[in-house]
Amino acid sequence: MNRLSANEIERELKNLNGWNVTNEKLHKEFQFQDFNAAFGFMTKAAEKCEKMNHHPEWFNVYNRLVIDLTTHDAGGITQNDVELAKILDTLV
């Protein structure tokens, strides 16, 4: 899997809802109604991530979830990260 160029990332961001690049990672902050809703999302997301064998960096406090996507083996953002971002958006 090859790292995307800055131009490729900018092009892909136009098709992602609310994602940006922070610290060279695809980044999005989600807010849910409560902890159960956030945890339910994380459970559904974990199943998709495991099937892809691609695991996000995430941080959860109560109803907030911060997700960062990068492909460590490629040293940056890849098409795999973009695809996972799209999948995660469908779970909300």
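Summary of the structure given here. (Residues numbered from 1 in each chain as written. Predicted model: local features only at pLDDT ≥ 70, side-chain atom pairs only at ≥ 80, totals over all residues. Heavy atoms only, no water.)

**Let's talk about the side chain of Lys-28**
Thought 1: Mapping Lys-28 onto the fold places it in strand β2 (residues 25-31).
Thought 2: For Lys-28, a relative accessible area of 10% puts it in the buried group.
Thought 3: A distance of 2.6 Å separates a polar atom in the side chain of Lys-28 from the backbone oxygen of Asn-17.
Thought 4: Here Asp-89 takes part through its side chain, which lies 2.7 Å from a polar atom of the side chain of Lys-28.
Thought 5: What Lys-28 contacts, discounting residues up to four positions off in sequence, is Asn-17, Gly-18, Trp-19, Leu-65, Val-66, Ile-67 and Asp-89. (Helix = DSSP H or I, 4+ residues; strand = E, 2+ residues; numbered from the N terminus. Buried < 20%, exposed > 50% of the residue type's maximum accessible area, 1.4 Å probe, protein only. Polar contact = N/O pair within 3.5 Å; in protein donor to acceptor, adjacent residues only side chain to side chain. Contact = heavy atoms within 4.5 Å.)

**Thoughts on the packing of aromatic side chains**
Thought 1: Within this structure, the stated rule accounts for five aromatic pairs.
Thought 2: Judged by centre distance (6.2 Å) and plane angle (15 degrees), the ring pair of Phe-30 and Phe-32 falls under stacked.
Thought 3: With relative accessibility at 7%, the residue Phe-30 sits in the buried group.
Thought 4: On the numbers, 5.2 Å between centres and 35 degrees between planes, the contact of Phe-32 with Phe-41 is tilted. Of the two residues, Phe-32 and Phe-41, both sit in the buried class.
Thought 5: Cluster of aromatic residues (ring-pair linked, three or more members): Trp-19, Phe-30, Phe-32 and Phe-41. (Phe/Tyr/Trp six-rings, centres within 6.5 Å; stacked < 30°, edge-to-face > 60°.)

**Topic: helix α1 (residues 6-13)**
Thought 1: Where α1 is concerned, the buried positions are Ile-9, Glu-12 and Leu-13. The buried side chains of α1 occupy one side of the element, clustering within an arc of 100 degrees when seen end-on. Exposed residues on α1 whose side chains face more than 90 degrees from its buried face are Asn-7 and Arg-11. (Arc of directions from axis to C-beta.)

**Some remarks on the environment of Leu-69**
Thought 1: Along the polypeptide, Leu-69 turns up in strand β4 (residues 64-69).
Thought 2: If near-sequence neighbours (up to four positions away) are discounted, Leu-69 is found in contact with Trp-19, Lys-25, Leu-26, Pro-56, Ile-77, Asp-81, Leu-84, Ala-85 and Leu-88.

**Considerations on the nonpolar core**
Thought 1: If you look at the biggest cluster of nonpolar residues, it comprises 22 residues, and the most contacted ones within it are Trp-19, Leu-26, Phe-41, Ile-67, Leu-69 and Leu-88.
Thought 2: Secondary-structure elements contributing two or more residues to this core are α1, β2, α2 (35-52), β4 and α3 (79-91).
Thought 3: Setting aside chain neighbours within four positions, we find Leu-88 in contact with Trp-19, Phe-41, Ala-45, Ile-67 and Leu-69. (Core = buried A, V, L, I, M, F, W, Y, C linked by side-chain atoms within 4.5 Å.)

Spatial relationships are all this shows, so hold off on functional conclusions.
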